Amino acid sequence: MDDPKPAPPPSLDYLSAVTDAQRTLYAVLFSLLRNPHDVEDALQETNAVLWAKAAEFDPARPFLPWALKIAQLQALALRKRKGRRPILDEALVATLADEAAADADREEPRRRALSECLSKLPADRRRLALRRYEPGASVNALAAELGRSPKAISEALRRTRAALLDCVERTLAREARA
């Protein structure tokens, strides 16, 4: 008897969608579970299911609502396995997950535009902006590290934010016209 053919690996677009969804999945799982260790477990289980079901995903449909539903089911399953009573009733959890998916769908074009606009920034400005939003980063620490005054760093960040906002708004307007 022949061995069944293994499923083809997920497409790069699918992998990118899974990667892009991680923060949103974590946030929704955290709102459902509240325990960081449980959230990590549920996120790993969600990613395993997303990997296993890659061939079932219809790329014509939005990815995030589908992934959030899987995360919701994994959170409920984890709570049941651990013998914990749900903090919220399942209908409310479903409503919260649906609202999170709708919010994420509304914000997705803005996230894509921001990512595109960040990639267009000169490398030094992009690095500065990204470094500023790393955990524990501060203007004063960046200024000391870069040998510049905090005022100069603040001004550079202000100009960068203004350029990003302008670029994001132009990108969204262009997409709305298309």
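Summary of the structure given here. All values reported here derive from a predicted model rather than from experimental measurement. Numbering of residues starts from 1 in each chain and follows the order in which that chain's sequence is written. Local features are withheld for residues below a pLDDT of 70 in this predicted model, meaning they are given only at 70 or higher, and side-chain atom pairs are given and counted only at 80 or more; totals for whole chains, interfaces and linings count all residues. As a rule here, side-chain values cover all heavy atoms of the structure and leave hydrogens and water aside.

## Here's the deal with the state of the cysteines
Reasoning step 1: We call a pair of cysteine sulfur atoms a disulfide when they lie within 2.5 Å. A complete count under the given rule lists one disulfide for this structure.
Reasoning step 2: Each sulfur in the disulfide pair Cys-117 and Cys-167 lies 2.0 Å from the other. Taking the sign of the torsion about the S-S bond as the criterion, the disulfide between Cys-117 and Cys-167, at about -85°, is left-handed. In this pair, Cys-117 is assigned in helix α4 (residues 90-120) and Cys-167 in helix α7 (residues 150-177), connecting sequence segments 50 residues apart.
Reasoning step 3: Relative accessible area decides the class of each residue, using a 1.4 Å probe on protein chains only: under 20% of the type maximum gives buried, over 50% gives exposed, and in between gives partly exposed. A relative accessible area of 2% places Cys-117 in the buried class. Helix and strand definitions follow DSSP, with helices as H or I runs of at least four residues and strands as E runs of at least two, each counted in order from the N terminus.

## Overview of the layout of surface pockets
Reasoning step 1: Size it by volume and the largest pocket reaches roughly 760 Å³.
Reasoning step 2: Only protein atoms enter the calculation, which uses a 1 Å grid: trapped sets of points that fit a 1.4 Å probe without letting it out are cavities, open sets showing protein on both sides within 12 Å along at least five of seven lines are pockets, and any residue with an atom within 4 Å of a point is a lining residue. What lines the largest pocket is a set of 19 residues, among which Arg-23, Arg-111, Leu-114, Ser-115 and Leu-118 lie closest to the centre.
Reasoning step 3: No other element matches the eight residues that α4 contributes to the lining of the largest pocket.
Reasoning step 4: Classification used: nonpolar for Ala, Val, Leu, Ile, Met, Phe, Trp, Tyr, Cys and Pro, charged for Asp, Glu, Lys and Arg, polar for all others including Gly. Of the residues assigned to the lining of the largest pocket, the class counts are eight nonpolar, three polar and eight charged.
Reasoning step 5: In this model, the second largest pocket occupies a volume close to 290 Å³. Grid points are joined across faces, edges and corners, and a volume is the space filled by probe spheres set on the points.

## Side note on the nonpolar core
Reasoning step 1: Counting residues in hydrophobic clusters, the biggest one holds 24 residues, and the most contacted among them are Tyr-14, Leu-25, Leu-29, Leu-33, Leu-50 and Phe-63.
Reasoning step 2: At the level of elements, α1 (12-33), α2 (36-52) and α3 (63-81) are the ones that each hand at least two residues to this core.
Reasoning step 3: When residues in this core are grouped by element, the largest group, nine residues, is from α1.
Reasoning step 4: We call two residues contacting when some pair of their heavy atoms lies within 4.5 Å. Contact partners of Phe-63, with chain neighbours within four places excluded, come to Tyr-14, Ala-17, Val-18, Ala-21, Leu-50 and Phe-57. To define a nonpolar core, start from buried Ala, Val, Leu, Ile, Met, Phe, Trp, Tyr and Cys residues and group those joined through side-chain atoms within 4.5 Å.

## A short note on the environment of Leu-146
Reasoning step 1: Note on placement: Leu-146 falls in helix α6 (residues 139-146).
Reasoning step 2: Owing to a relative accessible area of 40%, Leu-146 belongs among the partly exposed residues under this scheme.
Reasoning step 3: Sequence-distant contacts of Leu-146, defined by excluding residues within four places in its chain, comprise Leu-128 and Ile-153.

## Regarding the packing of aromatic side chains
Reasoning step 1: Paired rings are identified among Phe, Tyr and Trp, the last through its six-membered ring, by centres lying within 6.5 Å, and are further divided according to the angle between planes into stacked (under 30 degrees), edge-to-face (over 60) and tilted (the rest). In this structure the tally under the stated criterion is seven aromatic pairs.
Reasoning step 2: Seen in terms of ring centroids, Tyr-14 and Phe-57 are 5.9 Å apart; in terms of plane orientation they differ by 50°. Their pairing is tilted. Taken together, the residues span a long stretch of sequence, with Tyr-14 in helix α1 and Phe-57 in the loop between α2 and α3 at a distance of 43 residues. Both residues of the pair, Tyr-14 and Phe-57, count as buried.
Reasoning step 3: Here the aromatic rings of Phe-63 and Trp-66 are separated by 6.0 Å at their centres, their planes lie at 65°, and the arrangement is edge-to-face. With Phe-63 and Trp-66 both in helix α3 and three residues apart, the pair spans about one turn of that helix.
Reasoning step 4: Residue classification places Phe-63 among the buried residues on the basis of a relative accessible area of 10%.
Reasoning step 5: Here a set of aromatic residues connected by ring pairs shows up, and it is made of Tyr-14, Phe-57, Phe-63 and Trp-66.

## A look at α2
The periodicity of an α-helix, 3.6 residues per turn, causes residues three or four positions apart to be oriented the same way.
Reasoning step 1: For α2, which comprises 17 residues, the first-to-last C-alpha distance of 24 Å matches the rise-based estimate of 24 Å (1.5 Å per residue) to within 8%.
Reasoning step 2: Taken together, the buried positions of α2 are Asp-38, Val-39, Ala-42, Leu-43, Thr-46, Val-49 and Leu-50. Around the axis of α2, the buried residues are gathered within 135° of arc, so they sit on the same side. Of the exposed residues in α2, those oriented more than 90 degrees away from the buried face are His-37, Gln-44, Trp-51 and Ala-52. To estimate the expected span of a helix, subtract one from its residue number and multiply by 1.5 Å. Each direction from the helix axis to a C-beta atom contributes to the arc, which is the arc of those directions.

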